[in-house]
Amino acid sequence: MKVLVPVKRVVDANVKVRVKADGSGVELANVKMAMNPFDEIAVEEAIRLKEAGKVTEIVVISIGPQQAQETLRTALAMGADRAILVKVDETVEPLGVAKVLKGVVEAEQPGLVVMGKQAIDDDSNQTGQMLAALLGWAQGTFASKVELDGDKARVTREVDGGLQTVELKLPAIVTTDLRLNEPRYASLPNIMKAKKKPLDEKSPADFGADVAPRLKVVKTEEPGGRKAGVKVGSVAELVDKLKNEAGVL
Amino acid sequence: MAILLIAEHDNASLSDQTAKALSAALQIGPDVDVLVAGKGAKAAADAAAKLKGVRKVLLAEADELAERLAEPFAALIVSLAGNYDTIVAPATSSGKNVAPRVAALLDVAQVSEIIEVVSPDTFKRPIYAGNAIQTVQSTEPKKVITVRTASFQAAPEGGSATVENVSAAANPGVSSFVENKLSESDRPELTSAKIIISGGRALGSAEKFQEVILPLADKLGAAVGASRAAVDAGYAPNDWQVGQTGKVVAPDLYIACGISGAIQHLAGMKDSKVIVAINKDEEAPIFQVADYGIVGDLFTILPELEKAL
Ligand SMILES: Cc1cc2nc3c(=O)[nH]c(=O)nc-3n(C[C@H](O)[C@H](O)[C@H](O)COP(=O)(O)OP(=O)(O)OC[C@H]3O[C@@H](n4cnc5c(N)ncnc54)[C@H](O)[C@@H]3O)c2cc1C
Ligand SMILES: Nc1ncnc2c1ncn2[C@@H]1O[C@H](COP(=O)(O)O)[C@@H](O)[C@H]1O
């Protein structure tokens, strides 16, 4: 079975982004970029399924600018077999991404798509569910465990009250949560090998996908700040402040 | 300009996240119908009918809706969508699961986790773990929106809407429910608690977490939260995680114990009314958002605090 893993190039999770002074967006010049952490987990899961003999080929795909190649090379170095870059310079909304991915799925015919639950830049948490909808497939979102068994996948999901397990008919979409696995680092020899793995370049038009934005971003601003308060010297002082100053006890 | 609000419930009772999302919906427009999809969910529907401002409650019951599986649930919402311009869901795990599926089936963009209604088609939402706030306008023929419930007050009771039965849509039949393993607790829920006490990596083990954090929570009538590091290490269950990719909370009082204050954690709690930080490192970033900080060892401070209450 072939697995497709979409990976997004995002601002590194350790960077505290700043809003541009003119309110037109966030400052992205000279900011460290990386693979979306949930997508690293997705790549890792695909590799583990391949190592377990349940998967034969892992295709990674990114929709983004030329530099998204680096993100794809990282996935190849981790252990993916082949990569596709769908080159777009503008921001593509989740629905547009899902439309491109639908085209890729139709061309590649994977038995499973594993992707992140959320991109840590737009924090949308939409694309996997949208792709499942467009394909008419089942979805197992926020996965902390995935078991493949014949033509079915059993997915344990992190939900508000605890854990929920569902069974999905394959092909299906799985989106990853933090506890699914711990992604490996690519070794130096594998980074070298990844340079020779195939990476195809395509455009949204190759998949007949309309990626024009539907939403208008009116402005981007700093969040309302919170200033540091006081340090108290003892537990007694803390309790007194909480009771008599803040009135929350 | 009617609005369909997707209720959050467990069949037996209505979650107060529904009442919070209702407040957001009423800021978008006055004609709000509530959809309760489930099995044996009459009690939840009756509770929704009592919320002030609800025009009508739609109750859809079927086996495959008992656990609100995304595929039949989305099909149901799409079958009702013709009567509505806007579909609103609380950004709970169930709402986040189904809403984008509905949006894609309707071929419209979704606006996720709004924190403010600027006008009926314009909303504010956080991006980059809350480090920036975007104002977005949706001119889609149908708007699909999820609501960050921590940013809205619960709508009060005082309504008496009618409950109307609607039929479930055809089940796509691609998924089935296997089991739930839900945390059982008498403590308040994280998303509705007035006080939250949260523990981080510093707790060191599940035993210590239970020994030090839980008695204090019980004394305060508080809910218990955790950082990702504490959950990943198995000190606390996944549904206690507060943060960018966990739960977003805004209680009256949030007590962070042995939590450094990474941006991903702050994203989930920095709108709390009063924040207390207990950390042995006086440089820990959590102190930059705390109203009251104590520098010291939580293993001596927390038992002291429990005694002082
Ligand atoms: C994609 C992604 C998503 C994430 N989502 C979340 C999320 O939703 N929620 C979240 O919380 N994190 C999230 N994180 C993780 C986040 O970046 C931090 O790693 C995490 O919050 C750290 O947890 P911590 O503060 O418990 O641990 P640490 O950062 O290790 O901090 C422990 C603190 O305890 C203090 N300490 C140690 N011993 C004592 C003692 N005896 N007494 C008092 N203080 C003590 C230390 O001084 C330190 O400040 C995410 C990360 C990524 C990459
Ligand atoms: N531009 C993109 N290229 C590849 N994958 C993407 C892209 N945008 C989103 N995704 C995938 O969709 C997931 C959820 O993203 P989002 O819905 O934007 O939060 C990500 O974790 C990725 O797996």
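Reading the values: the criteria
Residues numbered from 1 in each chain as written. Chains lettered and ligands numbered in written order. Predicted model: local features only at pLDDT ≥ 70, side-chain atom pairs only at ≥ 80, totals over all residues. Heavy atoms only, no water. UniProt positions renumbered as here; feature names shortened; annotations may be inferred. Near = heavy atom within 4 Å. Polar contact = N/O pair within 3.5 Å; in protein donor to acceptor, adjacent residues only side chain to side chain. Areas by Shrake-Rupley, 256 points an atom, 1.4 Å probe, with all protein chains shown as cover. Helix = DSSP H or I, 4+ residues; strand = E, 2+ residues; numbered from the N terminus. Nonpolar A, V, L, I, M, F, W, Y, C, P; charged D, E, K, R; others polar. Pairing = 2+ DSSP bridges. Axes fitted to C-alpha atoms, helices over the stretch in contact; angles between N-to-C directions.

As annotated in an unreviewed UniProt entry, chain B carries the name Electron transfer flavoprotein subunit alpha and is attributed to Aquamicrobium defluvii. Under Subunit (unreviewed entry), UniProt gives the following word-for-word description of chain B: "Heterodimer of an alpha and a beta subunit."

With an unreviewed UniProt entry as reference, chain A is termed Electron transfer flavoprotein subunit beta, source organism Aquamicrobium defluvii. Per UniProt, chain A has the following entry under Cofactor (unreviewed entry): "AMP". UniProt's Sequence similarities (unreviewed entry) comment on chain A is quoted here verbatim: "Belongs to the ETF beta-subunit/FixA family."

*Asks:* Whenever I open this one, the site of ligand 2 confuses me. Can you help?
*Replies:* Residue and element names in this part refer to chain A. Around ligand 2 sit 18 residues, and of these Asp39, Ile63, Ala119, Asn125 and Thr127 come closest. Interatomic distance of 2.8 Å between a backbone N/O atom of alanine 119 and an oxygen atom of ligand 2. Within the contact set of ligand 2, an oxygen atom lies 3.5 Å away from a backbone nitrogen or oxygen of serine 124. Here ligand 2, which alone exposes 480 Å², has 98% of that area covered by the protein. For the shell around ligand 2, the secondary-structure elements that each account for two or more residues are β4 (57–64) and β6 (112–116). Sorting elements by how many residues they give to the shell around ligand 2 places β4 first, with three residues. When grouped by side-chain class, the residues that make up the shell around ligand 2 number seven nonpolar, eight polar and three charged.

*Asks:* What exactly am I supposed to notice about the sheet that holds strand β2 (residues 32–38) of chain B here?
*Replies:* In a beta sheet, neighbouring strands pair by backbone hydrogen bonds and run either parallel or antiparallel. All names here are of chain B. Strand order in the open sheet formed by seven strands is β5-β9-β4-β1-β2-β3-β10, and the pairing between neighbours is parallel. The outermost strands of the open sheet, each flanked by one partner alone, are β5 (110–114) and β10 (162–166). Averaged over all adjacent pairs, the angle separating strand axes in this sheet is 25°, with direction ignored. Where strand β4 (residues 86–90) meets strand β9 (residues 143–147), five bridges bridge the pair, whose relative direction is parallel. Of the residues in β9, the one forming a bridge with proline 90 is valine 147.

*Asks:* What's the story with the UniProt feature "domain: Electron transfer flavoprotein alpha/beta-subunit N-terminal" (unreviewed entry) in chain B in this structure? I'm lost.
*Replies:* The sites that carry the UniProt feature "domain: Electron transfer flavoprotein alpha/beta-subunit N-terminal" (unreviewed entry) are, in the present numbering, residues 3–181 of chain B. Each end of residues 3–181 of chain B is marked by a C-alpha atom, and these two atoms are 33 Å apart; helix forms 25% of the span and strand 35%.

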